[in-house]
Amino acid sequence: MQACVNPFAPLGNCAAPGEELAPLAHPAPLCDGHGRVVRYLRLSVTDRCNLRCAYCRSEINQKFIPHPKVLRYEEMARLVGMMAALGVSKVRLTGGEPFARKGCDELLHMLHTRYPSLDLRLTTNGTLLEPHISLLRSVGVSAVNLSLDSFDRETFARVTGRDLLPAVLASLDGLLQAGIRVKINAVAMRGVNDGQMDDFVHAVRTMPVDLRFIEFMPMGSGTLWGPETFWSAADIRAEAERRVRLDPVQDSSAEAGPAKMFAVQGGKGRMGFITAVSCHFCGTCNRLRLTSDGNLRTCLFDDREYHLRGLLRNPRFDDEHLARVVRLACAGKPIGADLLKARKKGSAVADKQMVGIGG
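In this text, all values refer to a predicted model and were calculated from it rather than measured experimentally.

Looking now at the overall build of the chain. Secondary structure assignment for the chain yields eleven helices and twelve strands. Of all 359 residues assigned to the chain, the portion counted as buried reaches 53%. Expressed as a percentage of contacts within the chain between residues at least 6 apart in sequence, the contacts between residues at least 24 apart total 75%. Per element, the accessible surface of the chain, about 15,900 Å² overall, is 52% carbon and sulfur.

Bringing the sheet that holds strand E11 (residues 295-297) into the picture now. On the basis of which strands lie adjacent, the open sheet formed by twelve strands has the order E7-E8-E9-E6-E5-E4-E3-E2-E1-E10-E11-E12 and mixed pairing. What marks the edges here is a single partner per strand, and that holds for strand E7 (246-248) and strand E12 (305-307). In this sheet, neighbouring strand axes are inclined to one another by 25° on average, regardless of whether the strands run parallel or antiparallel. As defined by bridge partners, strand E1 (residues 40-44) adjoins strand E10 (residues 287-290) across four bridges and the pair is classed as parallel. In the strand pairing of E10, Tyr40 is matched with Arg287. Taken strand by strand, helix H6 (residues 197-206) contacts strand E5 (181-188), strand E6 (210-215), strand E8 (260-264) and strand E9 (270-274), and its axis lies near 145° from that of E6.

Leu93, Leu136 and Phe213 are the most contacted members of the largest nonpolar core, which has 81 residues in total. When residues of this core are assigned to their parent elements, the largest contribution, seven residues, is made by helix H1 (residues 73-85). In this structure, Phe213 is in contact with Ala186, Ala188, Met197, Phe200, Ile236, Met271, Gly272, Phe273 and Ile274, ignoring residues within four places of it in sequence. Listed in part, the 23 residues of the second largest apolar core include Cys56, Met189, Phe216 and Phe301.

A word on the packing of aromatic side chains. Scanning the model with the defined rule gives five aromatic pairs in all. On the numbers, 6.0 Å between centres and 15° between planes, the contact of Phe213 with Phe273 is stacked. Taken together, the residues Phe213 in strand E6 and Phe273 in strand E9 connect sequence positions 60 residues apart. Of the two residues, Phe213 and Phe273, both sit in the buried class.

Listed as buried for helix H2 (residues 104-114) are Cys104, Leu107, Leu108, Met110 and Leu111. Along the long axis of H2, the arc covered by the buried residues comes to 165°, so they all point the same way. Structurally, H2 contributes buried residues whose contacts are with H1, strand E2 (90-94), strand E3 (119-124) and helix H3 (133-138).

This part covers the pairing of E2. Taking burial as the measure, the five residues of E2 include five buried ones, the bulk of the element. Burial along E2 is two-sided: the face carrying Lys90, Arg92 and Thr94 and the face carrying Val91 and Leu93 are both buried. One ladder, built from five bridges, connects E1 with E2; its direction is parallel. The partner of Leu41 across the bridge, within E2, is Val91. Between the parallel elements E2 and E3, the chain passes through H2 in a crossover that is right-handed.

This next bit is on the confidence of the model for the chain. Overall, the predicted model of the chain reaches an average pLDDT of 88, with 88% of residues at or above 70. Taken as a whole, residues 7-25 scores under 50 in pLDDT and shows 30 contacts with residues more than four places along the chain or in a different chain.

Where H1 contacts helix H9 (residues 319-331), the axes come no closer than 10 Å and their chain directions differ by 70°. What the angle tells us is that H1 and H9 run roughly perpendicular. For the pair H1 and H9, the sense of crossing is right-handed. For the pair H1 and H9, contact is made by Arg78, Leu79, Met82 and Met83 and by Asp319, Leu322, Ala323 and Val326, respectively.

What follows is about helix H7 (residues 233-241). Those residues of H7 that fall on the buried side of the exposure criterion are Ala233, Ile236 and Ala240. Axial view of H7: buried residues confined to an arc of 60°, hence all on one face. Residues of H7 that are buried in the fold lie against E5, H6, E6, E7 and E9.

Looking now at the environment of Arg42. Here Arg42 lies in strand E1. A residue is classified by how much of its surface remains accessible, and Arg42, at 10% relative accessible area, is buried. Distance in space between the C-alpha atoms of Arg42 and Gly95 is 9.5 Å, their sequence separation being 53 residues. With residues near it in sequence (within four places) discarded, Arg42 still touches Arg92, Thr94, Thr123, Arg287, Leu288, Arg289, Leu290 and Gly359. Here Tyr40 takes part through its side chain, which lies 2.8 Å from a polar atom of the side chain of Arg42.

Along the polypeptide, Pro218 turns up in the loop between E6 and H7. Accessibility expressed as a relative area gives 1% for Pro218, which makes it buried. C-alpha separation for the pair Pro218 and Ala350, spaced 132 residues apart in sequence, amounts to 7.6 Å. Look past the residues within four positions of Pro218 in its chain and what remains in contact with it is Trp225, Val277, Leu340, Arg343, Ser347, Ala348, Val349 and Ala350.

Cut-offs applied
Residues numbered from 1 in each chain as written. Predicted model: local features only at pLDDT ≥ 70, side-chain atom pairs only at ≥ 80, totals over all residues. Heavy atoms only, no water. Helix = DSSP H or I, 4+ residues; strand = E, 2+ residues; numbered from the N terminus. Buried < 20%, exposed > 50% of the residue type's maximum accessible area, 1.4 Å probe, protein only. Contact = heavy atoms within 4.5 Å. Areas by Shrake-Rupley, 256 points an atom, 1.4 Å probe, with all protein chains shown as cover. Pairing = 2+ DSSP bridges. Axes fitted to C-alpha atoms, helices over the stretch in contact; angles between N-to-C directions. Core = buried A, V, L, I, M, F, W, Y, C linked by side-chain atoms within 4.5 Å. Phe/Tyr/Trp six-rings, centres within 6.5 Å; stacked < 30°, edge-to-face > 60°. Arc of directions from axis to C-beta. Right-handed = clockwise from strand over helix to strand, strands pointing away. pLDDT = per-residue confidence, 0-100. Parallel < 35°, antiparallel > 145°, perpendicular 65-115°, else oblique. Left-handed = near helix turned anticlockwise from the far one by under 90°. Polar contact = N/O pair within 3.5 Å; in protein donor to acceptor, adjacent residues only side chain to side chain.

See below:
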């Protein structure tokens, strides 16, 4: 694993702690060394989760981040504000499971109040979500990504380690009734949920959702990932098209994400495929990730991280210093596909598991 980068190292014309720093007159867009402009931050609220999904964490006893090292909500809000000043317009709260952390509602209120124009979104496993749906609507959460890898109760329990599918389906119904846009994320796993295409097709025929299959990524050791469990997007699509006609949807807007989306003939919803392994989309990557303990990660596949927590908690460093560290990190943002290609066959592309990075 690569060592975390020291944010206190010299940053060109950045002043030393305690010295006067010339203000940035008109911040330039947050652009990396490959010309990609960052507009999107994925912020992990916590590494705690009430599920044990086979693709997210290993069977080894999980060591959670000690509480003193977890960012306080006020610190998270400050970082979001600094990122917004650099041009980030979309923030997604992730985990772990966001609502596994006490007071997550407080963070949602804080972000909405301070940054009302922010495109605020949420990724959740849905098991704890239902009581919070009215809050999501009131604070203007524009979309919810719901992790749901199977509509079969037995398979769901096998994948997640918990028999909680009814709670997830209740949350799904509640989101749709509240008029909140829903994207269902299903990690595609051969030998696990590849025999359940009828259920997935039924979902997009009957519900106004975007159901996106995500190729199983080799993240962290000790997960269920392996060549035998990898189910490619091409094979998934072929399986779906045996049951329903899929028509490509062209979306060149800034809102377009990594999924290749298809309209489902005669259906209320759409189906999509995220080819994280078989056909990379690194050229259009516009995101950064912030872990719940305050480490900035520029690429999902790169274990290099930049410590921000120390800067946040040191009164000698203001948002100007934070912004310079973020720019330094962004300048070195790699092409994830190169890291994936360079990994040893059969090995994980990154040492850190998804539960520790943020989904």
